[in-house]
Every structure is written in structure tokens, then in C-alpha cells.
Amino acid sequence: MSTEARRRLMRDFKRLQNDPPGGISGAPCPDNILLWNAVIFGPADTPFEDGTFKLALQFDENYPNKPPSVKFISKMFHPNVYANGELCLDILQNRWSPTYDVAAILTSIQSLLHDPNPNSPANAEAANLYRENRKEYIRRVKEVVEHSWE
Amino acid sequence: MQYSASTTPLRSPYMSSSTSALHLRVDFVSEVAHCHINSPQHITRQVDTECALSELESELKCSVCKDFYDVPMSSKCQHTFCAECAKFDYNNKKTGLCCPTCGYSFTSFTQFYKNTLIEDLIKEYKSNRESIAHLYALGKQAEERECREEKEGSIKATNSNSNCNFNSSPFGGTTKSKCASEKSIHKNDNDGNGQKRKRTDDNDNKLLPLNKNIRTSNNQLCKKPKIAYGLMNEKKLKNLLKEEGLPAYGSKNEMIARHSYFINLYNSNVDATIPKSKGELLRDMKKWERAHQSNEAKDANLIKKTLTNSEEINSYVISPNKYRNQFAELIQQAKINKRRRETA
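Here the structure is a predicted model, which is why all the values come from computation and not from measurement.

Undergrad: Which parts of the structure should I look at to understand the environment of P98 of chain A?
TA: Along the chain, P98 of chain A falls in the loop between β4 (69-72) and α2 (102-114). For the pair formed by P98 of chain A and P67 of chain A, sequence separation is 31 residues and the distance between their alpha carbons is 7.8 Å.

Undergrad: Please clarify how the packing of helix α3 (residues 124-132) of chain A against helix α4 (residues 134-147) of chain A should be interpreted in this entry.
TA: Angle between the axes and distance between the axes are the two parameters that describe a pair of packed helices. All names here are of chain A. Axis separation between α3 and α4 bottoms out at 6 Å; the angle between their running directions is 130 degrees. Comparing their axes, α4 and α3 come out oblique. Packed against α3, whose contacting residues are E125, A126, L129, Y130 and E132, the element α4 presents R134, E136, Y137 and R140 at the interface. A per-class count over the contact of α3 with α4 returns 4 nonpolar, no polar and 5 charged.

Undergrad: Whenever I open this one, the confidence of the model for chain B confuses me. Can you help?
TA: Low pLDDT marks stretches whose predicted atomic positions should not be read closely. Residues and elements named next belong to chain B. Confidence in the prediction of chain B, expressed as mean pLDDT, is 67, and 53% of residues score 70 or more. Within the model, pLDDT remains below 50 along residues 1-44, and this stretch shows 96 contacts once partners closer than five positions in the same chain are excluded. Predicted complex metrics record ipTM = 0.79 and pTM = 0.63.

Undergrad: Could you clarify how one ought to interpret the nonpolar core in this entry?
TA: General note: in soluble globular proteins, nonpolar side chains tend to be found buried as a group. The biggest cluster of nonpolar side chains holds 53 residues, and the ones touching the most others in it are F72 and I109 of chain A. Dropping the residues within four chain positions of it, I109 of chain A is found in contact with I40, L55, V70, F72, L87 and L89 of chain A. Core analysis: the second largest hydrophobic core is formed by 26 residues, L53, F81, C85 and I118 of chain B among them.

Undergrad: Explain the UniProt feature "domain: SAP" (unreviewed entry) in chain B here, please?
TA: According to UniProt, the positions carrying the feature "domain: SAP" (unreviewed entry) are residues 229-263 of chain B. Regarding residues 229-263 of chain B, the helix share stands at 63% and the strand share at 0%, and the terminal C-alpha atoms are separated by 12 Å.

Undergrad: Can you help me understand a positive patch on the surface in this one?
TA: Residues R7 of chain A together with R283, K286, K287 and R290 of chain B make up a contiguous surface patch of positive charge. Looking at the positive patch element by element, the count peaks at 4 residues for helix α10 (residues 278-307) of chain B. The topology assignment puts R283 of chain B in helix α10. On the accessibility criterion, R283 of chain B (57% relative accessible area) is exposed.

Undergrad: It is not clear to me how the sheet that holds strand β2 (residues 32-41) of chain A should be interpreted in this structure. Could you clarify?
TA: Backbone-to-backbone hydrogen bonds pair the strands of a sheet. The strands run either parallel or antiparallel. Residues and elements named next belong to chain A. Read across the open sheet, the 4 strands follow the order β1-β2-β3-β4; overall the sheet is antiparallel. Looking at which strands have only one partner, the edges of the open sheet turn out to be β1 (24-29) and β4. With direction set aside, neighbouring strand axes in the sheet form an average angle of 25 degrees. Where β1 meets β2, 6 bridges bridge the pair, whose relative direction is antiparallel. Bridge pairing in β2 links S25 to V39. Contacting β1 and β2, helix α1 (residues 4-18) crosses the sheet at an angle of about 30 degrees to β2. Together, β1, β2, β3 (52-58) and β4 form the strand contacts of α2, whose direction differs from that of β2 by roughly 35 degrees.

Undergrad: How do you make sense of α2 of chain A when you look at a structure like this?
TA: The α-helix advances 3.6 residues per turn, and as a result positions three or four apart in sequence lie on the same side. Residues and elements named next belong to chain A. With 13 residues, α2 ought to run about 18 Å at 1.5 Å a step, and its terminal C-alpha atoms sit 19 Å apart, in line with that. In terms of burial, α2 is largely enclosed, as 11 of its 13 residues are buried. Among the residues making up α2, those that are buried are V102, A103, A104, I105, L106, T107, S108, I109, Q110, L112 and L113. Structurally, α2 contributes buried residues whose contacts are with α1, β1, β2, β3 and β4.

Undergrad: Before we go on, may I ask you to explain the pairing of β2 of chain A in this structure?
TA: The two faces of a sheet get side chains in turn, since along a regular strand they alternate between them. All names here are of chain A. In terms of burial, β2 is a largely internal element, 9 of the 10 residues being buried. Between the antiparallel neighbours β1 and β2 lie 2 residues. The sheet contact formed by β2 and β3 spans 7 bridges and is antiparallel. Considered in β3, the bridge of A38 is made with L55.

Undergrad: Looking at this structure, how should I read the sheet that holds strand β3 (residues 113-114) of chain B?
TA: Pairing in this open sheet of 3 strands is antiparallel, and the strands run β2-β1-β3 (chain B) from one edge to the other. Since the sheet does not close on itself, it has two edges, and those belong to β2 (80-82) and β3 of chain B, each with one partner.

Undergrad: Sorry if this is basic, but what is going on with the UniProt feature "active site" (unreviewed entry) in chain A here?
TA: Residues and elements named next belong to chain A. If you check UniProt for "active site" (unreviewed entry), the listed places come out as C88 in our numbering. Residue placement: C88 occurs in the loop between β4 and α2. Given a relative accessible area of 19%, C88 falls into the buried group. Contacts of C88, omitting those with residues within four sequence positions, involve N80, Y82, Q93, S120 and A122.

Undergrad: Any chance you could explain the environment of Y137 of chain A here in plain terms?
TA: Residues and elements named next belong to chain A. With respect to the helices and strands, the residue Y137 is situated in helix α4. The exposure class assigned to Y137 is buried, which follows from its relative accessible area of 3%. Each C-alpha atom of the pair Y137 and A127 lies 8.7 Å from the other, and the pair is 10 residues apart in sequence. Once residues lying within four places of it in the same chain are set aside, the contact partners of Y137 are F48, F77, H78, P79, P116, A126, L129 and Y130.

Calculation criteria
Residues numbered from 1 in each chain as written. Chains lettered and ligands numbered in written order. Predicted model: local features only at pLDDT ≥ 70, side-chain atom pairs only at ≥ 80, totals over all residues. Heavy atoms only, no water. Helix = DSSP H or I, 4+ residues; strand = E, 2+ residues; numbered from the N terminus. Axes fitted to C-alpha atoms, helices over the stretch in contact; angles between N-to-C directions. Parallel < 35°, antiparallel > 145°, perpendicular 65-115°, else oblique. Contact = heavy atoms within 4.5 Å. Nonpolar A, V, L, I, M, F, W, Y, C, P; charged D, E, K, R; others polar. pLDDT = per-residue confidence, 0-100. Core = buried A, V, L, I, M, F, W, Y, C linked by side-chain atoms within 4.5 Å. Buried < 20%, exposed > 50% of the residue type's maximum accessible area, 1.4 Å probe, protein only. UniProt positions renumbered as here; feature names shortened; annotations may be inferred. Patch = residues over 30% accessible without salt bridge, like charges linked within 9 Å, V, L, I, M, F, W, Y side chains within 5 Å. Areas by Shrake-Rupley, 256 points an atom, 1.4 Å probe, with all protein chains shown as cover. Salt bridge = Lys/Arg side-chain N within 4 Å of Asp/Glu carboxyl O. Lys, Arg positive; Asp, Glu negative; His and termini not counted. Charge placed at Lys NZ, Arg CZ, Asp CG, Glu CD. Pairing = 2+ DSSP bridges. Expected span 1.5 Å × (residues − 1).

Structure (C-alpha cells):
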């Protein structure tokens with residue numbers, strides 16, 4: 001069944017194929033166009049470098065009027081990512097705009113990795129370490145980077 | 001907005017389709033199959049043309065649905081959307097009357113006016129797309145030939161290279177398309193004169209009522225008012241729905257959602273050059289109803305899932321093989337994308 005949301009997701013996929021941002025890829029699951037799998041590489045010159053982080057994006061028929069729910073499948077240690085992998089990102093919540101597409105969402109998440117917002121912490125430990133003990137923060141991040149290769 | 005420069009990747013006209021590792025296994029993906037090119041030898045002019053034209057096309061596409069404008073409506077803040085997209089959620093008080101691009105807030109959706117110039121441009125562009133693409137391909141071929149000859153003949157190889165780089169930018173496509181747009185601007189001017197006359201007659205500066213006047217004289221369509229559902233009981237709502245020929249079942253919220261979606265559909269249809277019949281609108285409504293129902297079922301599932309969130313993750317952990325291949329392909333793809341960006 002072709003609905004507005006599905007047609008829009010097809011266009012998003014086409015754009016992601018034709019004009020992909022660096023170190024990002026994503027595609028709908030073969031059996032469900034509303035569920036996407038995606039991979040984000042950790043940005044260079046950050047502790048997340050070399051990480052290959054897997055994500056799942058769940059859309060619904062209200063897309064693009066409503067944002068998808070996005071989740072890290074790979075283990076993540078980041079001030080704005082909950083223990084269950086869910087993200088605390090304004091553009092996926094109250095600052096969502098229907099002009100965003102999958103490429104924009106994934107690029108935003110990639111830039112969130114190297115630019116966390118410790119003022120709205122989803123992971124208190126990560127936020128504290130990020131503020132107070134950067135060395136330990138980096139060590140813990142490197143752990144999840146290694147974990148992401150498995 | 002938080003996402004800015006970093007999230008709008010630069011477009012390169014030479015972004016050819018990759019040797020995609022993502023094999024398309026299902027029907028719904030086959031739609032995009034034409035943008036996948038399986039071997040590098042296949043990177044043809046057609047792809048180049050498509051990319052060059054895509055820059056031009058992106059100017060003619062709505063930033064909400066990412067498709068060509070369907071009944072383009074422009075706002076005070078100079079942003080344009082399809083009639084349906086512009087009123088996307090106007091019952092939602094939080095985001096309802098904000099411009100999706102800049103966040104400018106409106107007091108009423110009548111502050112959008114129909115942009116006939118863009119509509120004509122799209123019409124003209126669509127009917128000439130093939131010849132524009134063909135001309136672009138021809139121009140490109142000629143440039144390549146020239147470039148090769150220059151390279152072979154000239155001693156200053158570097159100079160010719162820089163020249164050739166300059167020439168091979170997608171100007172070929174845009175200049176040709178300019179012809180098309182000029183034509184349509186010209187055409188629009190003719191239309192505009194007629195409109196101007198009427199405007200002075202009407203003594204009205206607003207575009208919307210003007211368009212409305214022209215149209216209502218043809219087919220007697222006028223917009224339906226926004227309704228304050230909060231003041232209504234279920235019986236009144238049911239009557240409202242019955243008046244429009246819509247199904248009158250479901251909870252109050254469902255009925256409100258159905259009615260407001262219909263009003264949105266109806267009002268954007270009023271702006272269309274060739275408005276749909278009411279029967280067609282009701283068919284669209286049925287489609288929406290089906291999607292909406294499956295969505296609600298999904299929502300219920302999602303709620304269940306969020307309650308047992310760890311289970312959802314576990315399903316990825318327990319059966320990592322389910323998407324293992326896809327993730328492996330995605331990692332390869334991301335590597336290719338990264339390298340491409342670095343070399344670009």
C-alpha cells in the first residue's frame with residue numbers, strides 16, 4: 001500500500017543513495033519499509049572515531065509530520081543516549097520539523113556524537129565524566145567503539 | 001534550528017550512483033531500482049544528467065514531501081509548500097501554524113497564497129524534461145570531446161584541465177532549463193496581465209481572494225472554516241461527519257482527526273487548478289483511514305514495545321542474524337560514502 005509516509009520514505013532512500021553524507025548509510029528493512037536500519041561512523045578526531053554504530057529507526061504513517069523513534073542497537077556511552085539506546089535529541093522531539101529527512105536525522109546524530117549536550121543528560125554517568133573526568137570518559141567511549149566492531 | 005551547515009551535505013553534480021552493495025529484495029524497493037547501477041561501466045550520461053538536473057529539480061520540490069510542488073502555496077516568510085503539506089497539522093496547537101522551514105508562526109492558513117509562477121514553471125519543466133536532459137547529455141558529450149582534444153593537443157595540461165572542470169559543471173543543464181523557465185515566465189506574464197486587470201477591478205491586494213474569485217466563478221468551490229471541536233459533543237461531531245459523507249464511528253478523538261484531515265484535504269483541493277471531485281476526495285479519505293488504522297495498531301504495538309524495551313533490544317541481540325547481512329552491507333556502504341566525501 002502506497003501512502004504519503006511510504007512515498008516520502010522512498011524519496012528519502014533515493015536521496016540517501018544518490019547523495020549520501022560521509023560515513024553514514026541506511027536502508028529500510030526488506031520486509032518493512034517503516035523500519036530502517038542505519039550505520040553511523042564515529043566522527044574523525046573524536047573519541048568515537050572508528051566506531052561503526054548501528055541504529056534502528058521506526059517510522060509511522062504520520063511521518064514526516066511526526067519524527068521517527070530512533071534507537072542505538074550498538075552499545076553506546078554518551079551523555080544524551082539512554083541505557084536502552086534511545087536518544088535525547090531536540091530535533092527528534094519538540095524541535096522536529098517535517099522538512100527533515102533520514103539523511104538529516106542521521107547527520108544530526110553523527111554530529112551529536114562529537115558535540116554532546118551535558119545539560120540535558122540521558123546518561124548521568126557519561127555526562128558527569130564528560131564534564132569532570134574527560135580522560136575516563138574517553139576511555140569508556142573507546143570501549144563502546146571496540147564493542148561496535150563485533 | 002539546531003541542524004545547519006553540517007546536516008545539509010554539499011551536492012556534487014558528479015555524485016554517480018555507486019556500485020551499491022544493497023541488493024534490492026522486495027517490491028517496494030524496486031521503485032528505486034533505476035537509481036542503482038550495478039557496475040561502474042554503467043555510470044552513463046543518464047546518471048550525470050539526472051544529478052545535474054536534480055539540483056534544478058530540488059528548487060521545484062517541496063521540502064516537506066520532497067516531491068514536485070502539488071498546488072504550491074507561498075507564505076509571508078517566502079517559503080513554499082504543497083497546499084496539503086503547508087497545512088500539515090494545523091490542529092496541533094504546538095506546531096500547527098508554524099512554517100516548517102523557518103518557524104514563522106501564522107494566525108491563519110489563509111496567509112498562504114497560491115504561487116502560480118512556480119506551478120507554471122513545474123508544468124513547463126515536466127513537459128520539457130526529456131528534451132532538457134537530452135540537450136544536457138549532448139552538451140556534455142561535446143564538452144568531453146573538446147576536453148579530450150584539448151588535453152591531447154595542448155602542452156599546458158593543467159590549464160586545460162582547470163578549464164574543463166569549469167566547463168563541465170552542470171551549467172549545460174541549467175542554461176537549457178532557463179530557456180524553459182523563461183518561456184513559462186513569459187507565459188505567466190500574459191496570464192499576469194489578465195490578473196492585474198482583474199485585481200484593479202477588485203481593488204484588492206491579496207492574491208488569495210483574487211484566485212478564489214476566479215475559481216469560484218468557475219466551479220463554486222470555497223474553503224470550509226476551521227472548527228472548534230472542543231465545543232462539540234459526539235452527536236454534533238457525528239452529524240458533521242455525516243454531512244461530508246464520512247464514516248461516523250470511533251472515539252471522539254478519532255472522529256476529530258478524521259474530520260480535520262478531511263477539511264485540510266478539502267481546503268487544499270480548493271486551491272488546485274483542476275480540483276478533484278468529492279468522490280475522489282472521499283477515496284483519498286478511505287486510503288488515509290486504512291493507513292491510519294494500521295498505524296493505530298502499530299502505535300499500540302509500539303507502546304507495548306516501549307514497556308518492554310529491553311525485550312526489543314534483546315530481539316536484536318537474540319537474533320542478530322536477522323539484520324546481520326543488511327548491517328554488513330550498510331557498513332560497506334558507509335565506508336564508500338566516507339571515502340567519496342573525502343576525495344570530493
